[in-house]
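Coordinate inspection notes
Now for the letters of each chain:
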Amino acid sequence: MSKQRANLGFGDALNDLSSFAPAPKIAPKDRSTEQAAEASGFVSREPKSPPVSKPQRRRRTGRNAQFNIKATPETIESFYRIADANGWGLGETLEHAVALLEQLKKP
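Because the structure is predicted, anything quoted here is derived from the model rather than measured.

Cut-offs and rules
Residues numbered from 1 in each chain as written. Predicted model: local features only at pLDDT ≥ 70, side-chain atom pairs only at ≥ 80, totals over all residues. Heavy atoms only, no water. Helix = DSSP H or I, 4+ residues; strand = E, 2+ residues; numbered from the N terminus. Buried < 20%, exposed > 50% of the residue type's maximum accessible area, 1.4 Å probe, protein only. Areas by Shrake-Rupley, 256 points an atom, 1.4 Å probe, with all protein chains shown as cover. Expected span 1.5 Å × (residues − 1). pLDDT = per-residue confidence, 0-100. Patch = residues over 30% accessible without salt bridge, like charges linked within 9 Å, V, L, I, M, F, W, Y side chains within 5 Å. Salt bridge = Lys/Arg side-chain N within 4 Å of Asp/Glu carboxyl O. Contact = heavy atoms within 4.5 Å. Axes fitted to C-alpha atoms, helices over the stretch in contact; angles between N-to-C directions. Parallel < 35°, antiparallel > 145°, perpendicular 65-115°, else oblique.

**Some remarks on the overall build of the chain**
- Helix and strand content of the chain: four helices and zero strands.
- For the chain, the α and β elements follow one another from N to C terminus as α-α-α-α.
- A total of 107 residues make up the chain; the buried ones form 4% of that total.
- Accessible surface, the chain as shown: approximately 11,400 Å² in total, 56% of it carbon and sulfur.

**A few points about helix α3 (residues 73-86)**
- End to end, α3 covers 20 Å across 14 residues, agreeing with the expected 20 Å (1.5 Å per residue, within 8%).
- One or two steps after α3, the chain reaches G87, where phi turns positive at roughly 75 degrees.

**Notes on the confidence of the model for the chain**
- Overall, the prediction assigns the chain a mean pLDDT of 82, with 89% of residues at 70 or greater.
- The secondary structure element of the chain with the lowest average pLDDT is helix α1 (residues 11-15), at 68, and the one with the highest is α3, at 95.

**Thoughts on the environment of N64**
- Position of N64 among the secondary structure elements: in the loop between α2 (33-40) and α3.
- Assessed through its relative accessible area of 74%, N64 is described here as exposed.
- Sequence-wise, N64 and G91 are 27 residues apart; in three dimensions their C-alpha atoms are separated by 9.9 Å.

**Description of a nonpolar patch on the surface**
- A surface patch of nonpolar side chains, about 390 Å² in accessible area, is lined by F67, I69, L94 and V98.
- Following the sequence through the fold, I69 ends up in the loop between α2 and α3.

**Here's the deal with the side chain of T93**
- As for its placement among the helices and strands, T93 is situated in helix α4 (residues 90-105).
- A relative accessible area of 4% means that T93 is categorised as buried.
- If sequence neighbours within four positions are ignored, T93 has contacts with F79, I82, A83 and W88.

**Some words on the packing of α3 against α4**
- Remark: α3 packs on α4, axes separated minimally by 9 Å, with the N-to-C direction vectors making an angle of 100 degrees. As summarised for this structure, α3 and α4 are arranged roughly perpendicular, according to the angle between their axes. Facing α3, whose interface residues are F79, Y80, I82 and A83, α4 presents L90, T93 and L94.

**Quick word on the environment of E34**
- Along the chain, E34 falls in helix α2.
- Since its relative accessible area comes to 58%, E34 is described here as exposed.
- Between the C-alpha atom of E34 and that of S44, which follows or precedes it by ten residues, the distance is 9.4 Å.

**Quick word on the pattern of salt bridges**
- Counted by the stated rule, this structure contains one salt bridge.
- Taking the shortest distance from any N to any O, the salt bridge between E95 and R63 comes out at 2.9 Å. With E95 in helix α4 and R63 in the loop between α2 and α3, this pair connects stretches of sequence that are 32 residues apart.
- Overall, E95 belongs to the partly exposed group, its relative accessible area being 45%.
- By relative accessible area, R63 is classed as partly exposed at 38%.

Have a look at this one:
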């Protein structure tokens, strides 16, 4: 193996770089980013409409025990609707529901 590097043909050109000039900047066309993406075939993964935000239901209440249950989507939606209509948090709604059920159970 030879210790001498192969000649790539740039010898004299690299010694004199005075003729080097950067390429002129091309002004961007006045198209929006969406139009440019559409023209190039780019497909966005973002939804076209903004997501619907759910109301914030967390409050500092001193309730610190977690209670997980499974229910049908209809029951859960009804529970949320009741909580929102009364301005209650979810824990407070559960407490009201339990209190009403206890009243119904008493003879």
